[in-house]
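# Coordinate inspection notes
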Amino acid sequence: MLRSIKQLYGKALGTAEGDIGRVKDFYFNDQHWVVRYVIAETGSWLSGRLVLVSPHAFGNFHQDGDSLLVNLSRKQIENGPAIDSHKPVSRQYEEEYYRYYGWPVYWDGSGMWGVGGAPSNYLMPSEEEIGGTDHHRDDPRLRSTQALNGYHIQTSEGEVIGHVSDFMMDDKSWVIRHLVVETGHWFSGKEIAISPKQIDRISYEESKVFVKITRQTMLEAPEYHIRPLDAAYQDTRDFD
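What this report covers is the structure whose coordinates are included nearby. Predicted, not measured: the structure shown is a model, and the values here were computed from it.

In total, this model carries 19 aromatic pairs according to the counting rule given. Between the aromatic rings of Tyr-98 and Tyr-106, the centroid separation amounts to 6.1 Å while the plane-to-plane angle is 70°, which identifies the pairing as edge-to-face. Of the residues examined, Tyr-106 reaches a relative accessible area of 1% and is grouped as buried. Members of the aromatic cluster, connected to one another through ring pairs, are Tyr-37, Tyr-93, Tyr-97, Tyr-98, Tyr-100, Tyr-101, Trp-103, Tyr-106 and Trp-107. Across from the ring centre of Trp-45, 4.7 Å away, lies the NZ or CZ of Arg-74, which sits over that ring. It is Arg-201 that lies over the ring of Phe-210; its NZ or CZ is 3.9 Å from the centre.

So this is what it looks like as structure tokens:
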């Protein structure tokens, strides 16, 4: 099932002991387009400290009312490796993090989640679908969905025609299947979906996403409607 990442911002993260915080951001790998961590803001019980929560903690991504359930205790989170929100997540930090929680690391072996397997049971995508299996051993290549939101979209002809407004994530594989792009002006625009396979590169210096499709193709693309969070959302359309 696909989930709108924008709709997940601010959602409570629940445990058997109660809520441990709220979703603030998602860190994804910008080569494989797979979410590696949820960034949680812990609130008053940890003085608003930010913590990383791996997809392994969510299991089958179960939602209970307005909360997303995680298989962690408050004590585990409190004693876990702290992150510096002003610095990128390093592989050294990830090694410490995965060792602390006892989860299999995703960068050893082939496939999207390495030899240890995925957070939940699902059909593994092909190597072509995820852009190969090179996990960049020293560089996780993690990017923030919040930071990428609003980036301009530049077509293959060099024209800017919209901006990133959302991401659609598969809640089994944690792969970002589509970027949602708002095109045109506020009074005449629409939202369309673009596959990550159509992205040529991202310029973080220019705040732009360069795509391999033309202006005309984008203008003729069907409008993409994002359903409410509590609605069943099984999207089988192909936006490649």
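This part is about the nonpolar core. Proteins that are soluble and globular tend to have nonpolar side chains buried together. Within the largest apolar cluster, 59 residues are counted, with the highest numbers of intra-cluster contacts made by Leu-13, Trp-33, Tyr-37, Val-53, Trp-174 and Met-218. Counting residues per element, this core draws most heavily on strand β4 (residues 34–41), at six residues. Grouped together as the second largest cluster of nonpolar side chains are five residues, Leu-2, Val-180, Ala-193 and Tyr-224 included.

Let us look at the pairing of strand β2 (residues 12–15). Two faces belong to every sheet, and in a regular strand the side chains alternate between them. Of the two faces of β2, both are covered, the one formed by Ala-12 and Gly-14 as well as the one formed by Leu-13 and Thr-15. Where β2 and strand β3 (residues 18–29) come together, four bridges link them in antiparallel fashion. If you follow Thr-15 over to β3, its bridge partner there is Gly-18. Hairpin connection from β2 to β3: two residues lie between these consecutive antiparallel strands. By the bridge criterion, three bridges tie β2 to strand β7 (residues 67–69) in an arrangement that is parallel. Directly across from Leu-13, in β7, lies its bridge partner Leu-68.

With that settled, consider unusual backbone geometry. A positive phi is found at Trp-174, a non-glycine position, where the angle reads about 65°. You can see Trp-174 is positioned in the loop between β10 (160–170) and β11 (176–183). Under the relative-accessibility criterion, Trp-174 is labelled buried at 0%. Within the chain, Ser-207 stands out as a residue other than glycine whose phi angle is a positive 55°. Among the structural elements, Ser-207 can be located in the loop between β13 (199–203) and β14 (208–211).

Here strand β5 (residues 50–53) shows no split at all, with Leu-50 and Leu-52 on one side and Val-51 and Val-53 on the other all buried. Here β4 pairs with β5 via four bridges, running antiparallel. The residue bridging Glu-41 from the neighbouring strand is Leu-50, located in β5.

Before going further, it helps to spend a moment on helix α3 (residues 91–101). By the burial criterion, the buried members of α3 are Arg-91, Tyr-93, Glu-94, Tyr-97, Tyr-98 and Tyr-101. One side of α3 carries all its buried residues, which in axial view fall inside an arc of 150°. Residues Gln-92 and Arg-99 are exposed on α3 and point more than 90 degrees away from its buried face. Turning to α3, the residues buried within the fold contact β4, β5, α2 (74–79) and β8 (142–144). Phi turns positive one or two residues past the end of α3, at Gly-102, with a value near 75°.

Definitions and cut-offs
Residues numbered from 1 in each chain as written. Predicted model: local features only at pLDDT ≥ 70, side-chain atom pairs only at ≥ 80, totals over all residues. Heavy atoms only, no water. Phe/Tyr/Trp six-rings, centres within 6.5 Å; stacked < 30°, edge-to-face > 60°. Buried < 20%, exposed > 50% of the residue type's maximum accessible area, 1.4 Å probe, protein only. Lys NZ or Arg CZ within 6 Å of the ring centre and 35° of its normal. Core = buried A, V, L, I, M, F, W, Y, C linked by side-chain atoms within 4.5 Å. Helix = DSSP H or I, 4+ residues; strand = E, 2+ residues; numbered from the N terminus. Pairing = 2+ DSSP bridges. Arc of directions from axis to C-beta. Contact = heavy atoms within 4.5 Å.

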